[in-house]
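What follows is the residue order along each chain.
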Amino acid sequence: MAERSQSHIALMLGNVNDGKPVNQRRSWKRVWNGLSRFQKNLIFTLIAAFIFTIFFLLPQHNQQNAHSDDGRASHHRINNQNVVQVAKQVSAGPTNDRQRATVEAFKHAWRGYKEFAWGHDNLKPISEGYHDWFGLGLTIVDSLDTMYMMDLQDEFDEARNWVDQHLKFDVNRDVNLFEVTIRVLGGLLSSYHLSGDKMFLEKATDLGNRLLPCFDTPSGIPYSDINLETMKAHAPKWSPDSSTSEVTTLQLEFRDLSYSVGNPIYEQVVSVINRKVHELNKKEGLVPIFINAHTGQFREYSTISLGARGDSYYEYLLKQWIQFGKKNDDFLIEDYKTAIDGVLNLLVKRTPKEKHLYIGELINSKDFKPKMDHLVCFMPGTLILGFKNGMPESHLNLARDLLETCYQTYMYQPTHLAPEITYFNLNGESETDMYVKVNDAHNLLRPEFVESLYYFYALTGNKTYQDMGWEVFQAFEKYTKVKQGYTSIGNVKNVLNTRPRDMMESFWLGETLKYFYLLFSDDRNEVDLEKFVFNTEAHPLPIREIQ
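Keep in mind it's a predicted model, so treat the numbers as computed, not measured. Within each chain, residue numbers correspond to sequence positions counted from 1 in written order. Owing to the predicted nature of the model, reporting of local features is limited to residues with pLDDT of at least 70; listing and counting of side-chain atom pairs is limited to 80 or more, with chain, interface and lining totals taken over all residues. Side-chain figures throughout are based on the complete set of non-hydrogen atoms in the structure, without hydrogens or water.

J.: Can you walk me through the nonpolar core in this structure?
T.: The tendency in soluble globular proteins is for nonpolar side chains to be buried side by side. The term nonpolar core refers to a set of buried residues drawn from Ala, Val, Leu, Ile, Met, Phe, Trp, Tyr and Cys, joined through side-chain atoms within 4.5 Å. Using a 1.4 Å probe on the protein chains alone, a residue whose accessible area is under 20% of its type maximum counts as buried, one over 50% counts as exposed, and one in between counts as partly exposed. Membership of the largest hydrophobic core comes to 146 residues, with the highest contact counts inside it found for Leu136, Val163, Phe449, Tyr454 and Phe534. For this core, the element with the highest residue contribution is helix α7 (residues 177-195), accounting for ten residues. Those residues in contact with Phe449, other than ones at most four positions away along the chain, are His374, Cys377, Leu403, Cys406, Tyr407, Tyr410, Met468 and Val472. Runs of E in the DSSP output that reach at least two residues are strands. Runs of H or I that reach at least four are helices, and both are numbered from the N terminus. The contact criterion used is simple: two residues touch if any of their non-hydrogen atoms lie within 4.5 Å.

So this is what it looks like as C-alpha cells:
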C-alpha cells in the first residue's frame, strides 16, 4: 500500500504566561489587534490557500491514490492528461490522396449509417435498414476514435453527444462479454484517452460494473454472456463452455479501466483468468479453443487454432506484457514465447509448389488440417510487434512469410478480396496451392490483413506495405461499395456474382478503415507504438510503466 503524504500549515497564535494558558478570547483579540495590516493580509492569504488545498487539490490526490490493497494500481505513474496531450498528435487529419480516399470511404459509410441505422448496432446498406445485435449503438461507439484520428470533428461531436444522451446499459438483452468489452468498453476507454472527455470514462465504468457478475464463477473463468439490466451471467445457450479467446481477450480493457478510475477490482478479475490459464496443461503452449467456466478446464480434444475462438489469446499475451512496461518476470511473455515455438513446431507448413507458408489447425488437438481462417492474418502484425519488443528473429521470419501468404489469399481471387477461409494443398488434393470452398468464399470487410500491413509499415517504414494495402482498398471500393455504405459479400471468386449480403459490421469503421488510414499516413508514427497498444478491436490504450 502506497503511503499518503499530506502537507499542512501549523499556525500558532496565542500567549503563554509562565507556562500557564491565559484567557484565550482576550489573548486572540489582543494579538489580532496588535498585528499590522501586512501581517493580517498574510494570515488571510494563508487561510485561503489552506481552504483551496482542502477543497480542490486533495480530492484529486485522493482519487489518484484510491487503489488496490496489493499496491499495484497506486504505483501507476502515467498522468491521463499527459496521455491526452500525446494522443492529440494523432488527430491532424489526412495529408495525402490515399488517406483522403480513406476518409471519404468512412464518410460515405457514416452517411448511410446515420440516415438509416442511427443509434442501432449495424447498417444494412442495401435494404436501407439496420440490424441490432446488443442494442448498444455498436457502430457509433466503435467508430469514435477513428473519427478522432481522421479529424472528423463534426461527426465525432455528434457521436459523442449520442453516447452522452442515449447510450444506456440497462438493456434487457443478453450480450456477449467479449464482444461488448472489445467494442464498447474498449471504444469508450480509447475515446477518453484521446479526447480527455471524462463522460466516456463514466460510461465505461458503468459498463464495467455491469459486466463484473460474469466473473463470479466457481473457477474464476467468466461466463460468456450477461443480461446488462438484470446483471445475470450464464454460459452460452449453445454450449456449456466459453471460447478460450473470448475469456482471455478482456484483460487490456479491464486493466486499463482499473488504472483509469483507481479501482483494482477490474484488473483483479482478469488477472485471475491469466493465472488460471497459465497453470493449465497445454500442447507446447497452444490452447484448445473451448474452456469451461465451472471446472476451469479446457474441453478435452477440442480444436487448436489461431483462427476463430483461439486467435486473440496469443495476441493478448504479448500486448498485456507491453501494456504494463515489459516486466522481465512476467509469465505472460514466457507463455507467448512458448506458444510461438509451438506454432512453428506443430502448425506451420508450406505448400508443395509455391512454398506458401501457412498456419493450420489441430483437430481433436492432434490431427493436422490445412485450413487457415482470414482471422489468422492478424498474426504477422503481432509477431513483428513482438520482434520489435525483443522477441527472437524466428518470429520476424514467420511474420514476413505469413504476411506474404495472407496477401496472396487476396491476390488469388479475381476480386482481389480474401475469402473467410482458405485451404492449402497438403497431399495433392488440389491442383492449386490454395483453394476455397463454396461456403467459405464470403468476405465480411474484416481488418486483420490490413492490421498486419499497418504494423509492418509502422515498424519498418517500408512503403511497399502501403502499396499492398492500396490494392486491397481499391478492391473494397470496387466490389463492396454500394449506394448507402459498404456491404459484406458472399463470393470473392466471381466478379460478376459477388452476392452482396446487406451487412456493414461496426468493425469496418472501427478497425478496417482505421488501419487503412494509419497505413497510408506519411507519418508512420501517427500513433506512437511506444506509448499506445491497440486492443483487438483497434482501440488504442496507453502503455503504463508500473513500478
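J.: Would you mind showing me how to read the state of the cysteines here?
T.: Two cysteines, two sulfur atoms, one covalent bond between them: this is a disulfide. Two cysteine sulfur atoms form a disulfide, by the criterion used here, when they sit within 2.5 Å. One pass over the structure, following the stated rule, counts one disulfide. Sulfur-sulfur distance for the disulfide between Cys377 and Cys406 comes to 2.1 Å. Its S-S torsion of approximately -100° makes the covalent link between Cys377 and Cys406 left-handed. In this pair, Cys377 sits in the loop between β14 (371-373) and α14 (379-388) while Cys406 sits in helix α15 (residues 393-411), placing the two residues 29 residues apart along the sequence. Grouping residues by exposure puts Cys377 and Cys406 together as buried.

J.: Before we go on, may I ask you to explain the sheet that holds strand β7 (residues 232-234) in this structure?
T.: With antiparallel pairing, the three strands of this open sheet are ordered in space as β5-β6-β7. Every interior strand has two partners, whereas the edge strands, β5 (174-176) and β7, have only one. Direction aside, the axes of adjacent strands within the sheet are offset by 30° on average. DSSP bridges decide pairing: two strands pair if at least two such bridges lie between them. With three bridges joining them, β5 and strand β6 (residues 225-227) adopt antiparallel strand pairing. Bridge pairing links Val175 to Ile226 in β6. Axis definition: a line fitted to C-alpha atoms, limited for helices to the stretch in contact. Angles are taken between N-to-C directions and run from 0 to 180 degrees.

J.: Can you help me understand the layout of surface pockets in this one?
T.: It is a probe the size of a water molecule, rolled over the atoms, that shows where empty space is left. Cavities and pockets are defined on a 1 Å grid built over the protein atoms alone: a cavity is a set of grid points where a 1.4 Å probe fits but cannot escape, while a pocket is an open set with protein on both sides within 12 Å along at least five of seven lines, and lining residues are those with an atom within 4 Å of any such point. Grid points are joined across faces, edges and corners, and a volume is the space filled by probe spheres set on the points. What the largest pocket holds in volume is close to 920 Å³. Looking at the largest pocket, it is lined by 40 residues, and the ones nearest its centre are Trp133, Phe178, Glu179, Arg183 and Glu246. Looking at the lining of the largest pocket, the elements that each hand over two or more residues are β5, α7, β8 (241-243), α9 (244-247), α12 (311-323), α16 (448-460) and α18 (506-519). Among the elements that line the lining of the largest pocket, the one with the most residues is α7, at four residues. Residue polarity is assigned by list, with Asp, Glu, Lys and Arg as charged and Ala, Val, Leu, Ile, Met, Phe, Trp, Tyr, Cys and Pro as nonpolar; anything else, Gly included, falls into the polar class. The class makeup of the residues in the lining of the largest pocket is 13 nonpolar, ten polar and 17 charged.

J.: How should I be thinking about unusual backbone geometry in this particular structure?
T.: Its identity is not glycine, yet Ser365 carries a phi of approximately 65°, on the positive side. Checked against the element boundaries, Ser365 lands in the loop between β12 (361-363) and β13 (367-369). The exposure class of Ser365 is buried, given its relative accessible area of 14%. In the Ramachandran plot, Asp502 falls in the positive-phi region, its phi being about 60° despite a non-glycine side chain. One can find Asp502 in the loop between β18 (485-486) and α18. Judged by its relative accessible area of 12%, Asp502 is buried.

J.: It is not clear to me how helix α5 (residues 138-149) should be interpreted in this structure. Could you clarify?
T.: Side chains of residues three or four places apart in an α-helix project in the same direction, reflecting 3.6 residues per turn. Burial of α5 is extensive: twelve of the twelve residues sit out of reach of the surface. Turning to α5, its buried residues are Leu138, Thr139, Ile140, Val141, Asp142, Ser143, Leu144, Asp145, Thr146, Met147, Tyr148 and Met149. Phi turns positive, to about 60°, at Asp151, one or two residues after α5.

J.: Please clarify how the sheet that holds β14 should be interpreted in this entry.
T.: In sheet architecture, strand pairing relies on hydrogen bonds along the backbone and comes in two forms, parallel and antiparallel. Pairing is antiparallel across the open sheet formed by three strands, whose spatial order is β14-β15-β16. Only two strands of the sheet have a single partner each, and these edge strands are β14 and β16 (434-435).

J.: Help me understand the pattern of salt bridges in this model?
T.: Any carboxyl oxygen of Asp or Glu that lies within 4 Å of a side-chain nitrogen of Lys or Arg is treated as forming a salt bridge with it. Per the counting criterion, the structure on display carries 20 salt bridges. One salt bridge connects Glu104 with Lys107, and the closest N-O pair in it is separated by 3.7 Å. Note that Glu104 and Lys107 are positioned in helix α4 (residues 97-116) at a spacing of three residues, about one turn of the helix. Overall, Lys107 belongs to the partly exposed group, its relative accessible area being 25%. Across the pair Glu361 and Lys371 runs a salt bridge whose closest N-O atoms are separated by 2.9 Å. With Glu361 in strand β12 and Lys371 in strand β14, this residue pair connects regions lying ten residues apart in the sequence. Put simply, Arg160, Asp164 and Asp197 are held in one network by salt bridges that share partners.

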